[in-house]
Protein chains: 2
Amino acid sequence: MDTLSSREEEPVGRQHAQRVDLAVSTVIFALRPSPETGRMTLWLPLVRRIREPYEGRWALPGGWLAADQDLETSARRTLVRTTGLTPRYLEQLYAFGGLDRSADDPTRVVSIVYWALVHPDEAAQAIDSDNVEWFAADDLSELAFDHRTIVDYAVWRLRTKMEYSRIAHGFLGETFTLAQLRQVHEAVRGCSLDPANFRRQILASDAIEDTGQRLTGTSHRPPRLYRYNTAVQLADHGPLTPSQESKEQA
Amino acid sequence: MDTLSSREEEPVGRQHAQRVDLAVSTVIFALRPSPETGRMTLWLPLVRRIREPYEGRWALPGGWLAADQDLETSARRTLVRTTGLTPRYLEQLYAFGGLDRSADDPTRVVSIVYWALVHPDEAAQAIDSDNVEWFAADDLSELAFDHRTIVDYAVWRLRTKMEYSRIAHGFLGETFTLAQLRQVHEAVRGCSLDPANFRRQILASDAIEDTGQRLTGTSHRPPRLYRYNTAVQLADHGPLTPSQESKEQA
């Protein structure tokens, strides 16, 4: 091959870029008790579509990328508008750009999807509306577009990530008991964990520290309260600095 | 807040989507010896820009998203056109969409970045051209656009991922010695590892298996050859199925 191969195919100008509409959507997870078993399980809020395509179907909260917003800012603003939620933990998940994403529509849409974990205090901020509803992640009806695939992917990533990171923190308040932390792991991993083994493993790691305080208003032996080591960022962006605008809103 | 909040801000139609050009670029890593120390280090191929903006500067191989290609297919096609490379390990890294990405240019560009690891056989396919050159990842000059930030992020993700996954495989052939595997870990993690400790840890995990063969053409005690457990996919996409088109090309 000669040097022409790399010349000819270089991006040559804006006029060669295909018309693509860019959407930013977010999968928001919170823990709620299962109505059947009472055990904590993964839930997410969805927004009912009030226009075609897929009018009446449930969809992930999202919107078009706005001209004056970077990707994370766009995700945060759309979230607060559609659901009232302002999650602390928000991270880019994946960009979905398959050719068959909206077969009914001639314009191609690429969605950059964020995910958020919210703890109970944050989840309580959600808008009370006929067009916003919480669903159990393992009991979803058919969603608009490819949003079911996106949710399945997010659940898978969350389960994978839970095993080796501090991501559980996104579901908890500043302090928490070992039982609360174990419930988060059980809900995400979809299994029950032996309390004694869990306690031993989590204390052997340096992930959490004893606050010296105990949960008040409970039994005669109130459980200890722990917190995560705050020296470590919850959403680890590595060398990427969250945009100034996003930080100001956070 | 009432239900209008979620209605008003719903995506209302194509005419409200901002004009954004979508590019797909790839960071390709290979291992090569450092000219100074002779130790294996991380290298990546860059393409010289032959047009403004940033004419003459080195940039990541990439191009505009084509109308008939999904994101991964676009990444693969651009890679082979600009560099000749067809990596086995290719995965989506991150979408970069900051407002200040190309200050000289009025049109906004969002780049969806893939990353690839290539082993020596694959790296040898690279086009020999004045406009394609390999650089050490820790010795880069100023790159076009925000590509330096993208490379730094990719290096960071690679280092993080190396600790808990089989990603090292992307740099190796089907079979390899323990010394070769250790060199990959040393190059990515930027440190030296004690051979005996490394051997013990890697064999204690179920990550690799003994092939029963030994490296030929070497000393009187040729080292054993290992392979990764092929039951596990190299790039783990979870519930996402690589597109049919991508699979056909792979």
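A quick note: this is a predicted structure, and the numbers were derived from the prediction, not measured.

1. Focus: the overall build of chain A
On a plain count of helices and strands, chain A comes out with seven helices and nine strands. Classification of the 250 residues of chain A by burial places 52% in the buried group. Put simply, 64% of the contacts in chain A that link residues at least 6 apart link residues at least 24 apart. Accessible surface for chain A amounts to roughly 11,900 Å². Of this, 46% is attributable to carbon and sulfur atoms.

2. Focus on the side chain of A:Glu91
All names here are of chain A. Here glutamate 91 is to be found in strand E5 (residues 89–96). Residue classification places glutamate 91 among the buried residues on the basis of a relative accessible area of 9%. Among the polar contacts listed, one links the side chain of glutamate 91 to the side chain of tyrosine 89, at a separation of 2.5 Å.

3. Things to note about helix H2 (residues 71–83) of chain A
Residues and elements named next belong to chain A. With 13 residues, H2 should reach 18 Å at 1.5 Å per residue; the first-to-last C-alpha distance of 18 Å fits that figure. For H2, the buried fraction is high: 10 of the 13 residues fall into the buried class. All of the buried residues in H2 are Leu71, Glu72, Thr73, Ser74, Ala75, Arg76, Thr78, Leu79, Thr82 and Thr83. Structurally, the start of H2 carries an N-cap: the backbone nitrogen of glutamate 72 is 3.3 Å from a side-chain oxygen of aspartate 70. Of the residues one or two after H2, glycine 84 is the one with positive phi, at around 85°.

4. Describing unusual backbone geometry
A cis amide bond, omega -5°, links A:Glu52 with the succeeding residue A:Pro53. With respect to the secondary-structure elements, A:Pro53 resides in the loop between strand E2 (40–48) and strand E3 (58–59). Of note in this structure, A:Tyr54 is not a glycine but carries a positive phi near 65°. One can find A:Tyr54 in the loop between E2 and E3. By relative accessible area, which is 23% here, A:Tyr54 ends up partly exposed. One non-glycine residue, B:Phe145, lies in the positive phi region at around 50°. By the secondary structure assignment, B:Phe145 is in the loop between strand E7 (132–136) and helix H4 (147–162). Classification of B:Phe145 by relative accessible area gives partly exposed; the value is 24%.

5. Topic: the packing of aromatic side chains
Inspection of the entire model under this criterion finds 16 aromatic pairs over all chains. Sitting above the plane of the A:Trp134 ring, A:Arg32 keeps its charged end 4.4 Å from the centroid.

6. Thoughts on the packing of helix H5 (residues 178–189) of chain B against helix H6 (residues 195–204) of chain B
All names here are of chain B. Two numbers describe how H5 lies on H6: the axes approach to 11 Å, and their chain directions differ by 100°. As judged from the angle between their axes, H5 and H6 are roughly perpendicular. Residues Leu178, Leu181, Arg182 and His185 of H5 form the contact with H6, whose own contacting residues are Pro195, Phe198, Arg199, Ile202 and Leu203. When grouped by side-chain class, the residues that make up the contact of H5 with H6 number six nonpolar, one polar and two charged.

7. Some points on the environment of A:Leu143
All names here are of chain A. Of note, leucine 143 is situated in the loop between strand E7 (132–136) and helix H4 (147–162). Overall, leucine 143 belongs to the buried group, its relative accessible area being 4%. As a C-alpha pair, leucine 143 and tyrosine 54 span 89 residues in sequence and 8.5 Å in three-dimensional space. When neighbours within four sequence positions are excluded, leucine 143 is seen to be in contact with Leu46, Arg57, Trp58, Arg148 and Val151.

8. Points about the pattern of salt bridges
Residue and element names in this part refer to chain A. Counted by the stated rule, this structure contains 17 salt bridges over all chains. When the shortest N-O distance is used, the salt bridge between arginine 57 and glutamate 142 registers 4.0 Å. Remark: glutamate 142 occurs in the loop between E7 and H4 and arginine 57 occurs in the loop between E2 and E3; sequence separation between them is 85 residues. For glutamate 72, the salt bridge goes to arginine 76, with nearest N and O atoms at 3.4 Å. You can see glutamate 72 and its partner arginine 76 sitting in helix H2, four residues apart, about one turn around the helix. In terms of burial, glutamate 72 and arginine 76 fall into one category: buried. A single salt-bridge network, built from bridges that share partners, covers Arg39, Arg182 and Glu186.

Rules and cut-offs
By convention here, each chain's residues receive numbers from 1 onward along its written sequence. Note on labels: chains are lettered from A, ligands numbered from 1, in written order. Reporting of local features is limited, given that this is a predicted model, to residues whose pLDDT is at least 70; pairs of side-chain atoms are given and counted only at 80 or more, and all residues count toward the totals for whole chains, interfaces and linings. Excluded from the side-chain calculations are hydrogens and water; all other atoms, namely the structure's heavy atoms, are used. For helices the rule is a DSSP run of H or I covering at least 4 residues; for strands it is a run of E covering at least 2, with both sets numbered from the N terminus onward. Exposure is judged per residue with a 1.4 Å probe applied to protein chains only, and the accessible area is read against the type maximum: over 50% gives exposed, under 20% gives buried, and values in between give partly exposed. Every residue pair with non-hydrogen atoms within 4.5 Å of one another is taken to be in contact. Areas reported here follow the Shrake-Rupley algorithm with a probe of radius 1.4 Å; residue values treat only the protein chains shown as occluding. We call two N or O atoms a polar contact when they sit within 3.5 Å, provided that within protein one can donate a hydrogen and the other can accept it, with sequence-adjacent residues counted only if both atoms are side-chain atoms. Expected helix span is given by 1.5 Å per residue-to-residue step, counting one fewer step than there are residues. In this scheme Phe, Tyr and Trp rings, the latter by its six-membered ring, pair at centre separations within 6.5 Å, and the angle between planes marks the pair as stacked below 30 degrees, edge-to-face above 60, and tilted otherwise. Put simply, a charge is over a ring when the Lys NZ or the Arg CZ is close to the ring centre, within 6 Å, and near the line of the ring normal, within 35 degrees. In this analysis, axes come from line fits to C-alpha atoms, helices being fitted only over the stretch in contact, and the angle between any two N-to-C directions falls in the range 0 to 180 degrees. Relative orientations are named as follows: roughly parallel for angles under 35 degrees, roughly antiparallel for angles over 145 degrees, roughly perpendicular for angles from 65 to 115 degrees, and oblique for any other angle. Any residue that is not Ala, Val, Leu, Ile, Met, Phe, Trp, Tyr, Cys, Pro, Asp, Glu, Lys or Arg is counted as polar, Gly included; the first ten are nonpolar and the last four charged. Here a salt bridge means any side-chain nitrogen of Lys or Arg lying within 4 Å of a carboxyl oxygen belonging to Asp or Glu.

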